[in-house]
Amino acid sequence: MSRKTLSIGAVALVAAVIVVVVGCAPSQTVKPLTEEALQAKRDTAQQYYSIGAGYFAQNNFESALENFQRALTFDSTYYDVYVAIGTAYRKMLDPVTAEEYFRRAIKFDPKKAKAYEGLGDLFLAMRKDM
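Let me begin by describing the structure that accompanies this report. Please read these numbers as outputs of a predicted model, since none were measured by experiment.

1. Some remarks on the overall build of the protein
Broken down by element type, the protein carries six helices and zero strands. In the protein, the succession of α and β elements from N to C terminus is α-α-α-α-α-α. Within the protein, contacts between residues separated by at least 24 positions form 42% of all contacts whose residues are at least 6 apart in sequence. In the form shown here, the protein has an accessible surface area of approximately 9,400 Å², with 59% of it arising from carbon and sulfur atoms.

Dropping the structure here:
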């Protein structure tokens, strides 16, 4: 290959990268939510969490999970929802997914005990099954 062919290839590669980067740039600025809008989202998340908790109490874990996941679409930092999802997966005998959700809850608030308790219960149940 000649140097001219390599140079043209390099220029084309750089141009392609620039097009991709510019194409991925946001076209609008994102406005921060007002405190009222943020509270409304939290309230909606809490409603779905409550509905999910009702299904959980009836051992309807699939419906509980659907509502817990909906709650996360309104508030992705809702600690109690992550713990509830972990607990539902533990009850459904899916320890890998349960552990994942308990650990996510711990990342959001490492000072709260519920996720640690759920993780401990999960590990204890797994040990009994061995």
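2. Examining the packing of helix α5 (residues 95–108) against helix α6 (residues 114–128)
Running from N to C, α5 and α6 cross one another at 160 degrees; their axes reach a closest spacing of 9 Å. For the element pair α5 / α6, the angle class is roughly antiparallel. Considering only the axes of α5 and α6, their crossing is left-handed. Contact residues: α5 offers P95, A98, E99, F102, R103, A105 and I106, while α6 offers A115, Y116, G118, L119, L122, F123 and M126.

3. A short note on the pattern of salt bridges
All chains considered together, the criterion is met by four salt bridges. Taking the shortest distance from any N to any O, the salt bridge between E100 and R104 comes out at 2.6 Å. Separated by four residues within a single helix, E100 and R104 lie in helix α5, roughly one turn from each other.

4. Concerning the packing of aromatic side chains
Counted under the stated rule, the structure contains seven aromatic pairs. For R104, the ring lying beneath its charged end belongs to Y101, and the centroid distance is 4.6 Å.

5. A closer look at unusual backbone geometry
Even without a glycine there, the phi angle at N59 is positive, about 60 degrees. Looking at the secondary structure, you find N59 in the loop between α2 (35–57) and α3 (61–74). Note on N59: relative accessible area 54%, which makes it exposed. At L93, a position not held by glycine, the phi torsion is positive, near 60 degrees. Mapped onto the secondary structure, L93 falls in the loop between α4 (79–91) and α5. Assessed through its relative accessible area of 71%, L93 is described here as exposed.

6. Observations concerning α5
With 14 residues, α5 ought to run about 20 Å at 1.5 Å a step, and its terminal C-alpha atoms sit 20 Å apart, in line with that. Among all positions of α5, only T97, A98, Y101, F102, A105 and I106 are buried.

7. Topic: α6
Taking 1.5 Å of rise per residue, 15 residues should cover 21 Å, and α6 covers 21 Å from first to last C-alpha, within 8% of that figure. The set of residues buried in α6 consists of A115, G118, L119 and L122. The buried residues of α6 occupy one face: seen down the axis, they fall within an arc of 100 degrees. What points out from α6, more than 90 degrees from its buried face, is the exposed set E117, R127 and K128. The secondary structure elements touched by the buried residues of α6 are α4 and α5.

8. A word on the side chain of T97
Its location among the elements puts T97 in helix α5. Judged by relative accessible area, which is 18%, T97 ranks as buried.

About the criteria used
- Residues numbered from 1 in each chain as written.
- Predicted model: local features only at pLDDT ≥ 70, side-chain atom pairs only at ≥ 80, totals over all residues.
- Heavy atoms only, no water.
- Helix = DSSP H or I, 4+ residues; strand = E, 2+ residues; numbered from the N terminus.
- Contact = heavy atoms within 4.5 Å.
- Areas by Shrake-Rupley, 256 points an atom, 1.4 Å probe, with all protein chains shown as cover.
- Axes fitted to C-alpha atoms, helices over the stretch in contact; angles between N-to-C directions.
- Parallel < 35°, antiparallel > 145°, perpendicular 65-115°, else oblique.
- Left-handed = near helix turned anticlockwise from the far one by under 90°.
- Salt bridge = Lys/Arg side-chain N within 4 Å of Asp/Glu carboxyl O.
- Phe/Tyr/Trp six-rings, centres within 6.5 Å; stacked < 30°, edge-to-face > 60°.
- Lys NZ or Arg CZ within 6 Å of the ring centre and 35° of its normal.
- Buried < 20%, exposed > 50% of the residue type's maximum accessible area, 1.4 Å probe, protein only.
- Expected span 1.5 Å × (residues − 1).
- Arc of directions from axis to C-beta.

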